[in-house]
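Report on the structure
As a plain string of letters, each chain reads:
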Amino acid sequence: MRYEGNIYRPPGERNSYLLQITVGCSHNACSFCGMYQGQRYHVRPMCDILEDIQMAKACYGDLSRVFLCDGDAIGMPTRDLLTILHALYEAFPSLRKVGVYAGPRNILQKTVEELRSLREAGLTRAYLGVETGSETLLKAIGKGVSRAGMLEAGVRLREAGLDLWAMVLLGLAGTGEAGLEHSRETVTLVNEMRPRHLSLLTLVLEPGTRLYQDWERGKFLPCTPEEILREVRCLVDGLTVDPLHFTCDHASNYLPLKGTLSEERERFLAVLDQALSGERRIRPEWSRQV
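Given the structure is predicted, the values throughout are model-derived calculations rather than measurements. (Residues numbered from 1 in each chain as written. Predicted model: local features only at pLDDT ≥ 70, side-chain atom pairs only at ≥ 80, totals over all residues. Heavy atoms only, no water.)

1. Describing the pattern of salt bridges
Inspection of every chain in the model, using the stated rule, returns 16 salt bridges. One salt bridge in this structure joins R125 and E13, with 4.0 Å as the shortest N-O distance. Separated by 112 residues along the polypeptide, R125 in strand β6 (residues 125–131) and E13 in the segment before β1 (17–20) bring together distant segments of the chain. Taken individually, R125 and E13 each receive the classification buried, so the pair is uniform in this respect. The partner of D52 in a salt bridge is R44, with the nearest N and O atoms 2.8 Å apart. For R44, a relative accessible area of 9% gives the class buried. Look at the salt bridges and you will find they share partners, linking E13, R65, R125, D163 and R196 into a network. (Salt bridge = Lys/Arg side-chain N within 4 Å of Asp/Glu carboxyl O. Helix = DSSP H or I, 4+ residues; strand = E, 2+ residues; numbered from the N terminus. Buried < 20%, exposed > 50% of the residue type's maximum accessible area, 1.4 Å probe, protein only.)

Encoded structure:
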């Protein structure tokens, strides 16, 4: 398969065929993110995309899952996305799931009707990097949308019938009481947004990012593992979305948790309390990865 630059996909798409339809991220300004450093965002030519689909058909025969790369591929014009979806379902009779990273600014450029047309054409899941429910923090990290904009983006995806998978980044506020405030405001936002899935990741400072530079200058002090666990506990205790498939098992996390929150809440809280009291070991710092 042909790819340009660095390719990323969510852990849940590990068994999906990765079809690159855009290169890089159209926003590429978040202070914590180094995924697409040095890459110029552009949309791949449609003839190349359609050719790649035929190459995948010749190589794999049939597929049940596809993930559209890169960072916010949903920003492509709707008519072009519809063309790609049609080609995918025509090439792969067993195809049942097509996922995409969805940047909030690009979602807000589309109407619910446009998003619904994508769902009807077979786009099944959208991954939204919510990061935080804090208005102040969204601005500080350069996310490009307000809290209201982030909420609207998530609601549009859900109302269009897409399986909304929200992602939150622990530790963004740094050490101190701001971290718990970040978590409390995130609880409120997620409860309003009502995604079907929620993943927690933990900040790992990446060289070359603005946040890494702030850390080097002493302007940003990372959270301690205990503070991160308290952020997780706040989320587990406060989220009321049901059903909510909850994952906190990314390589960046200190303590793996995974399950339907309404069914596992008490167990999660008990495990977190054990970790906070030192009765349960957490992942060592050296083993955490982006």
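Still to come is the rest of the account.
2. Things to note about the sheet that holds strand β9 (residues 245–247)
Here we have eight strands laid out as an open sheet, ordered β1-β4-β5-β6-β7-β8-β9-β10, and mixed in their pairing. The open sheet has two edge strands with one neighbour each: β1 and β10 (258–260). Adjacent strand axes in the sheet meet at a mean angle of 20 degrees, parallel and antiparallel pairs treated alike. Pairing analysis gives four bridges linking β1 to strand β4 (residues 65–69), with the strands arranged parallel. Bridge pairing in β4 places Y17 opposite V66. Contacts from helix α9 (residues 225–238) reach β7 (163–170), β8 (197–202) and β9, with the element oriented near 145 degrees to β7. (Pairing = 2+ DSSP bridges. Axes fitted to C-alpha atoms, helices over the stretch in contact; angles between N-to-C directions. Contact = heavy atoms within 4.5 Å.)

3. Brief notes about the state of the cysteines
On inspection of all chains with the given rule, the structure shows zero disulfides. This cysteine, C30, is not joined by any disulfide, and C33 carries the nearest cysteine sulfur, 6.2 Å off. Using a relative accessible area of 14% as the deciding quantity, one classes C30 as buried. C69 provides the cysteine sulfur closest to C59, a residue in no disulfide bond, and the two sulfurs are 16 Å apart. (Disulfide = S-S within 2.5 Å.)

4. Notes on helix α1 (residues 46–60)
An α-helical segment advances 3.6 residues per turn. Residues three or four places apart therefore align on the same side. Along its 15 residues, α1 runs 21 Å from first to last C-alpha, staying within 8% of the 21 Å computed at 1.5 Å per residue. Along α1, the positions that sit buried rather than exposed are I49, D52, I53 and A56. Projection of α1 onto a plane perpendicular to its axis shows the buried side chains occupying an angular sector of 100 degrees, all on one side. In this structure, α1 carries C47 and A58 as exposed residues pointing more than 90 degrees from its buried face. Buried residues along α1 sit in contact with β1 and α2 (78–91). (Expected span 1.5 Å × (residues − 1). Arc of directions from axis to C-beta.)

5. Side note on helix α10 (residues 261–276)
Its 16 residues give α10 an end-to-end C-alpha distance of only 20 Å, which falls more than 12% under 22 Å, the value for a rise of 1.5 Å per residue. Restricting attention to buried positions, one finds in α10 the residues L261, R265, F268, L269, V271, L272 and A275. Looking at the residues trailing α10, positive phi occurs at G278, about 90 degrees.

6. A closer look at the nonpolar core
By size, the foremost hydrophobic cluster in this structure holds 71 residues, and its most contacted members are L19, L68 and F246. Of all hydrophobic cores here, the second largest spans nine residues; its members include C30, F32, I141 and L203. (Core = buried A, V, L, I, M, F, W, Y, C linked by side-chain atoms within 4.5 Å.)

7. Overview of the packing of aromatic side chains
Describing an aromatic ring pair means giving the distance of the ring centres and the angle of the ring planes. In this structure the tally under the stated criterion is eight aromatic pairs. Summarising the aromatic geometry, the rings of F246 and F268 are spaced 5.7 Å apart at their centres and angled 40 degrees between planes, so their arrangement reads as tilted. On the criterion of sequence distance, the pair formed by F246 in strand β9 and F268 in helix α10 is long-range, its members being 22 residues apart. An identical accessibility class is assigned to F246 and F268; each is buried. Taken together, the aromatic side chains of F67, Y101, Y127 and W165 make up a single cluster linked through ring pairs. (Phe/Tyr/Trp six-rings, centres within 6.5 Å; stacked < 30°, edge-to-face > 60°.)

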